[in-house]
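# Architecture and fold: a report
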Amino acid sequence: MADAEQPVDAQPYRVLARKYRPQTFDDLIGQEAMVRTLTNAFERDRIAQAYLLSGVRGIGKTTTARIIARALNCEGPDGDGGPTIQPCGVCRQCRDIIEDRHVDVVEMDAASNNSVDNIREITEASRYRPASARYKVYILDEAHMLSNAAFNALLKTLEEPPPHLKFIFATTESRKLPVTVLSRCQRFDLRRVPPDRLAAHFGSIAEKEGAQVEEEALAMIARAADGSVRDGLSLLDQGIALAEADGLVTADQVRGMLGLSDRLAAYDLFEAAMGGDAKAALDQFSEMLAIGADPAAALQDLMEAAYWTTRLGVDPAGADFAASSAAERERAAGLAKRLNLPALSRAWQLLSKGHAETLSAPNPRLSAEMTLIRLAYAANMPTPDDLIRRIDNEAQRNSASGGSTAQAAPAAPAPNASVTSSTVVASAPATVAVEAAQSVDIGGGQAARAMASADPAPVVEAAPPEADVPPAPILEQTQELAPEPPKGAESPGAFPDFESLLVHLSQVGAARGLSLIRRLRLVEYAAGRIVYEDQADLPENYARRLREELGKATDRVWSVESSTEAGQPSQVDAEASADAVLRAHPLVIAALETFPGAQLTVGRPQLEAPEPDPLPNADMPDPPISADGEIGYDNPDVVYDDDINFGDWELDD
């Protein structure tokens, strides 16, 4: 019986990235600068000894290296040709290189052959002339994976190779290559292909494959490719396989395949967030996730919406929406008219930080939602321009009204017990208020300059002190205040008044004593004697603690007594009065209204020290010192007898 006819094996399917791999320089897209340089070099016989091709993945580095190898060894259809930028593709050399079986064109993966022994094989084989080709070409893919020792072993051959030897390096990390290698190569940086070029290229390939792909779907694939031709062809291959029986690849199918959200839905979400409606933004975001959108991809779409809106706001005529629909351009143009550049810049910063957090967050959805909430909250905040405008208007209104509001604020009398800069605030509250307002830096300092240029409020006169009360001192630690008073009880007339005592405490750095005096309402003072008003808010054992601190600082015994009589206002009272005057200033009122929830903080010298907690037996007198120098109390229940013998103790050998 005759043998049955054997069926011919069908050609196995080749993915689009391999099927449509460029075979000549004319097939390369987006690399015109490199092609022009190589064309001139081949025409003028200025072919380098080594080339370095760098760029992102899938941009065509290895493909370009193979084309260069063919151009170097092409013999032409008649077999008499020389190196040419247009290899024929029909000669024996071209066919063998295309089929990856040429003995003189060695393509080596440096990621798995990165040792010195592998490089030694290359250097040993480089001494021999090529078997059949014009040049022996070594293509080292992922060259940055070579070890330092391997690079060093290659340097001599790379610098002075034989005339028949050429090197081509391909890498995605050119910065990892040693400088000694970079200086010996002619470098070409393959650039990312623009999305519009990729979309047109993918459309022509889809037409050759007999597939129908919507323009919006091609634009999505081009954007997702991120400038990589191979990545885009892989996505196009997947999209064609996803199509229905009619072969039409729709935008909705590609959107679901890539996990992207609707571009118009992204603009709706951006508009809701920039409008300050956090609830509407979260609802819109939940709808996008329900149809399969990825949280990080949704934030990336928001970043693109913010970018194009900003570009249209800066240059409406120059912004070119590559691979975007007319509806997206209309939405972005409408948002650019309503949103100002400071708000868009702030939105970009929030989205950029939120996108990075979402990529690394254990729960991306929660991180993305918190980003949307921050964006909606920031949208309600005034921009620096709005803030300056409000402050200017408020200053003009206060200037027109004559500052009656500031004159109505009374100032509390300054006590003679004040020891910090609050005394200055009590005597000239308007000046401190203006200085405090000028110290606020809003919007890069413009608002502060606007405050400084406003009319100063009239000085409020403090209530005159009583006749027998000395004026409040201003205790700055400078040399002009007062000479150091005599120290010690043996000096007659030491600390004749309360002011000299405060100056001395400030000079010796008695922070704890000054902290206690801040609460004191002085009733009567004499050298070595202080009478104060008894208050419920004073610390426990106040008199004893103040007496001890004064004794340490002055080396004398003090009498500290409490009284039911009303004393002069304390330093704490003076600071409260000064803060009230400061809060009544128009500029401070305007700042607090502009920033809801803000708190006013007045800077004062840090004279306070943390007060220690009182001991449980604080009133117990100091323990006695025994005759033998030991400190403590003798226990009458314990008998101490040195004559008691507990046995003979002997040292071990």
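To be clear, the structure that these remarks concern was listed above.
Attention now goes to the sheet that holds strand β1 (residues 50-54). With parallel pairing, five strands are arranged side by side in an open sheet as β2-β3-β4-β1-β5. Strands at the two margins of the open sheet, each flanked by one partner only, are β2 (105-109) and β5 (186-189). Across the sheet, the mean angle separating the axes of adjacent strands is 15° when strand polarity is ignored. Of the pairings in the sheet, the one linking strand β3 (residues 136-141) to strand β4 (residues 165-171) comprises six bridges and is parallel in character. Paired with Asp-141 across the strands is Ala-170, a residue of β4. Each of β1 and β5 is contacted by helix α2 (residues 32-43), which is oriented at about 150° to β5, the strand it contacts most. Lying on the sheet, helix α6 (residues 148-159) is in contact with β1 and β4; it crosses β4 at an angle near 130°.

Once that is clear, we can look at the environment of Ser-132. As for its placement among the helices and strands, Ser-132 is situated in the loop between α5 (116-125) and β3. Remark: the alpha-carbon pair of Ser-132 and Gln-93, spanning 39 residues in sequence, is separated by 8.4 Å. If we ignore the near neighbours within four places in the chain, the residues touching Ser-132 are Glu-75, Arg-92, Gln-93, His-102 and Asp-104.

So, about helix α25 (residues 542-554). Look at α25: 18 Å from first C-alpha to last across 13 residues, which is about the 18 Å you get at 1.5 Å a residue. Asp-555 lies just past α25 and shows a positive phi near 60°.

Further remarks concern the pattern of salt bridges. Side chains that differ in charge, positive against negative, can pair when their charged atoms come close. This model, assessed by the stated rule, comprises 24 salt bridges. A salt bridge links Arg-101 to Glu-99; its shortest N-O distance comes to 2.3 Å. A relative accessible area of 46% places Glu-99 in the partly exposed class. Two residues, Asp-283 and Lys-279, come together in a salt bridge whose shortest N-O distance is 3.1 Å. Of the two residues, Asp-283 and Lys-279 are both situated in helix α13 (residues 278-290); the distance of four residues between them amounts to about one turn of the helix. Looking at Lys-279, the relative accessible area reads 59%, which means it is exposed.

For the structure shown, the criterion picks out seven aromatic pairs. For the pair Tyr-138 and Phe-167, a centre-to-centre distance of 5.9 Å together with 25° between the ring planes defines the contact as stacked. Note that Tyr-138 is positioned in strand β3 and Phe-167 in strand β4, a separation of 29 residues in sequence. Assigned by exposure class, Tyr-138 and Phe-167 land together as buried. On the numbers, 4.9 Å between centres and 70° between planes, the contact of Tyr-307 with Trp-308 is edge-to-face. Residue Trp-308 is classed as buried on the basis of its relative accessible area of 14%. Cluster of aromatic residues (ring-pair linked, three or more members): Tyr-138, Phe-167 and Phe-169.

Another point: the sheet that holds strand β9 (residues 529-533). Reading across the sheet, the three strands line up as β8-β9-β10 and stay open at both edges, with mixed pairing between neighbours. Looking at which strands have only one partner, the edges of the open sheet turn out to be β8 (522-526) and β10 (559-563). Geometrically, the sheet is characterised by an average inter-axis angle of 15° between neighbouring strands, direction not taken into account.

The subject of this paragraph is the side chain of Thr-171. Secondary-structure assignment places Thr-171 in strand β4. From its side chain, Thr-171 meets the backbone nitrogen of Glu-173 in a polar contact 3.0 Å long. If we ignore the near neighbours within four places in the chain, the residues touching Thr-171 are Leu-52, Leu-53, Ser-54, Gly-55, Lys-61, Ala-143, His-144 and Leu-177.

Rules behind the numbers
- Residues numbered from 1 in each chain as written.
- Predicted model: local features only at pLDDT ≥ 70, side-chain atom pairs only at ≥ 80, totals over all residues.
- Heavy atoms only, no water.
- Pairing = 2+ DSSP bridges.
- Helix = DSSP H or I, 4+ residues; strand = E, 2+ residues; numbered from the N terminus.
- Axes fitted to C-alpha atoms, helices over the stretch in contact; angles between N-to-C directions.
- Contact = heavy atoms within 4.5 Å.
- Expected span 1.5 Å × (residues − 1).
- Salt bridge = Lys/Arg side-chain N within 4 Å of Asp/Glu carboxyl O.
- Buried < 20%, exposed > 50% of the residue type's maximum accessible area, 1.4 Å probe, protein only.
- Phe/Tyr/Trp six-rings, centres within 6.5 Å; stacked < 30°, edge-to-face > 60°.
- Polar contact = N/O pair within 3.5 Å; in protein donor to acceptor, adjacent residues only side chain to side chain.

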